[in-house]
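Residue-level structure breakdown
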Amino acid sequence: MHSPSRKDFVSLTFTGSGNYNSKQWRRQSCWRKWKQLSRLQRNLILFTVALMLVCGIATYPAVTEHFRGKASKKITSLPLTCLLLQKQKRAPHKRGPPGLQNRLQKKGTGSDIQVEENPIQDAKKADKEEGEKPLMVANYLGVCVSEFDRLEAVRDAFRHAWKGYKEFAWGQDELRPISKSYGEWFGLGLTLIDALDTMWILNLREEFEEAKTWVSTELSFNKNVDVNLFESTIRILGGLLSTYHLTGDTLFLDKAKDIGTRLMPAFNTPSKIPYSDVNIGKGTAHPPRWTSDSTVAEVTSIQLEFRELSRLTQDTRYRAAVDEVMQKVHKLEGKQDGLVPMFINTNSGQFTHLGVFTLGARADSYYEYLLKQWIQGGQKETELLEDYLQALEGVKKNLLKKSSPNSLTFVGELSHGQFSPKMDHLVCFLPGTLALGAHHGLPADHMELAKQLMETCYQMYAQMETGLSPEIVHFNMHEGSIRDVDVKLADRHNLLRPETVESLFYLYRFTKDRKYRDWGWEILQNFNKYTKVSTGGYTSINNVRDPEYPSPRDKMESFFLGETLKYFYLLFSDDPELLSLDKYVFNTEAHPLPIWSSAE
């Protein structure tokens, strides 16, 4: 029996409308082709598709950032841990207009202080509610926020502060943001001058140019007004000198020479220890009305600025005056293991109030300027370095203790042999200064102590209900203490001070440990939440222990723009050459001055 003959063609009959390109036909055709592939070919295709899918998911955040208008900026790529651990931000469970949600409300206060959403506290609260480990918070707000976003947040904060100053206090010393007015100290546009180099560093050229115009046309030092020698030197002279170095514009050098010359009468004293107050119009100087003493910090923290003025003008009298002060203090009796008392008499040239030692107010920047003068001068002046190293040994021996229960290392005070566990926020300059010394070749244990004190200064913020540090804390040293820090009612204010942010900048610049950036970011968020005033500016507050109503003081110090925001920006910048610490040294008001070459 023969099998039917095989045909060499296939006969197809199309019915209906003859639409042979229908979806059903295409699906059948693709399926036929897929079945014709070998198993190896099919596996390779499936693997390729899966790989493309994984890559697409991994790069999704960067793609979305690109299309949000940030394609022209370099954005730090997010680590895989961030992608895995990042939490979704929860919408606030609030009703009402956003303007009402973002403002502190308390009956009868009429406050304009603005409260923004605080992602860190939201995350911590959510972790507590869900029983998760707080470790996730760092990934929630730390690694998952690009450095570009952080820099922009600082620039936004500056613009907001400048908006208030420009609108309500233009050309005056200080903004009062709550009352939309201003306060005067010297009548010299203190905030504007203090902020000049910050605007340049933050690349806020429009704001800088309008401030420069005011300096050129309105700023005059020919006024019958008493100014404080120390404050005028660090804020005005230092600000003008640093702005000259950054811009090369001789306008600022000319103004610096003018104010520097007008401050020189302060040194006309029997002892050559300068008076605290100078009338820059009359050319006279005097001590405060209630005493003939000057504070040690004031007379020993003007050297960087006057020394630099001498170098630029080739006029040696500025440097000679301040160097003589340091030489006298170097030889004085009354120190204890290198620690200095807080007051010095302008008539006798001797320390007064003997037996009281602190690294806080009235003495703090003496220690800072010992190191920084040594760095500024090319590390040649060995007496300055010897005094600095001896003082640090005195701190370790007399002032350094541990708290309970968490063994935080802190710096207390000594009064006639009695130790007090009191520490000013001002002391938080010390971690940065220690780190700077270690960077310039001083013993490595200085860096270890810097890290321990940096943790303490951060805890002074973290253990407060607002996440902002008080002006003064007292550490518990007794076993069984519940918390490390106590704060007296009179010490609960926050003045927008820079010292902790300053030290975070140094610690990050030298160690590259991201936690210092994350701590700084947390502090900036809390400044925005509790001190930002909706109509412009930021305000100091009275009570860091009351997040419901921190009680605004209605004052924005010039150092918030001159120091605090500048150090935030430098902390978040990835450019190590932005004010390299091998080329610049910062004065105690955060104004960078050049380190002299070895030939100078």
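Residues numbered from 1 in each chain as written. Predicted model: local features only at pLDDT ≥ 70, side-chain atom pairs only at ≥ 80, totals over all residues. Heavy atoms only, no water.

As recorded in an unreviewed UniProt entry, the protein goes by alpha-1,2-Mannosidase and comes from Salmo trutta. Recorded under Sequence similarities (unreviewed entry), the UniProt text for the protein is reproduced unchanged: "Belongs to the glycosyl hydrolase 47 family." UniProt, in the comment section headed Cofactor (unreviewed entry), describes the protein in these words: "Ca(2+)". (UniProt positions renumbered as here; feature names shortened; annotations may be inferred.)

The secondary structure content of the protein amounts to 23 helices and 18 strands. Taking all 600 residues of the protein together, 55% fall into the buried category. Residue pairs at least 24 apart in sequence account for 68% of intrachain contacts in the protein once pairs closer than 6 positions are excluded. When the accessible surface of the protein is split by element, carbon and sulfur atoms take 52% of a total near 28100 Å². (Helix = DSSP H or I, 4+ residues; strand = E, 2+ residues; numbered from the N terminus. Buried < 20%, exposed > 50% of the residue type's maximum accessible area, 1.4 Å probe, protein only. Contact = heavy atoms within 4.5 Å. Areas by Shrake-Rupley, 256 points an atom, 1.4 Å probe, with all protein chains shown as cover.)

On to the state of the cysteines. Scanning the model with the defined rule gives one disulfide in all. Disulfide pairing is shown between C428 and C457; the S-S distance is 2.1 Å. Linking C428 and C457, the disulfide has an S-S dihedral of approximately -100 degrees and is accordingly described as left-handed. A residue pair is termed long-range when its members are at least 10 positions apart, and C428 in the loop between β14 (422–424) and α19 (430–439) and C457 in helix α20 (residues 445–462) qualify at 29 residues. Its relative accessible area of 0% is what places C428 among the buried residues. C457 gets classed as buried once you look at its relative accessible area, which sits at 1%. (Disulfide = S-S within 2.5 Å.)

Glancing now at the UniProt feature "active site" (unreviewed entry) in the protein. In the numbering used here, UniProt assigns the feature "active site" (unreviewed entry) to E231, D364, E471 and E499. Residue placement: E231 occurs in helix α12 (residues 229–247). Look past the residues within four positions of E231 in its chain and what remains in contact with it is W185, F186 and I236. On the secondary structure map, D364 appears in helix α17 (residues 364–376). What D364 contacts, discounting residues up to four positions off in sequence, is A297, L359, L426 and F429.

Bringing the sheet that holds strand β9 (residues 356–357) into the picture now. If you walk across this open sheet you meet the three strands as β9-β12-β13, and the pairing is antiparallel. The open sheet has two edge strands, β9 and β13 (418–420), and neither has a second partner. Where β9 lies against strand β12 (residues 413–415), two bridges are found, and the strand directions are antiparallel. Looking across to β12, one finds that F357 is bridged to L414. (Pairing = 2+ DSSP bridges.)

So, on to the UniProt feature "binding site: Ca(2+)" (unreviewed entry) in the protein. Taking the numbering used here, the UniProt-annotated feature "binding site: Ca(2+)" (unreviewed entry) corresponds to T588. Examined against the element boundaries, T588 turns out to sit in the loop between β17 (584–586) and β18 (592–594). Residue classification places T588 among the buried positions, given a relative accessible area of 17%. Those residues in contact with T588 that lie beyond four places of it in its chain are F230, I234, S365, E368, Y369 and E563.

Looking at the element boundaries, H425 is found in the loop between β14 and α19. Polar contacts involving the side chain of H425 include one to the side chain of E499, which spans 3.2 Å. Excluding anything up to four places from it in sequence, H425 contacts M460, Y461, S469, P470, E471, R497, E499 and T500. (Polar contact = N/O pair within 3.5 Å; in protein donor to acceptor, adjacent residues only side chain to side chain.)

Further remarks concern unusual backbone geometry. A cis amide bond, omega 15 degrees, links S404 with the succeeding residue P405. Mapped onto the elements, P405 comes out in the loop between β10 (400–402) and β11 (409–411). Located in the positive-phi region is R362, a residue other than glycine, with phi close to 80 degrees. By secondary structure assignment, the location of R362 is in the loop between β9 and α17. Judged by its relative accessible area of 43%, R362 falls in the partly exposed class. Although it is not a glycine, D554 adopts a positive phi angle of roughly 65 degrees. Structurally, D554 is set in the loop between α22 (514–530) and α23 (558–572).

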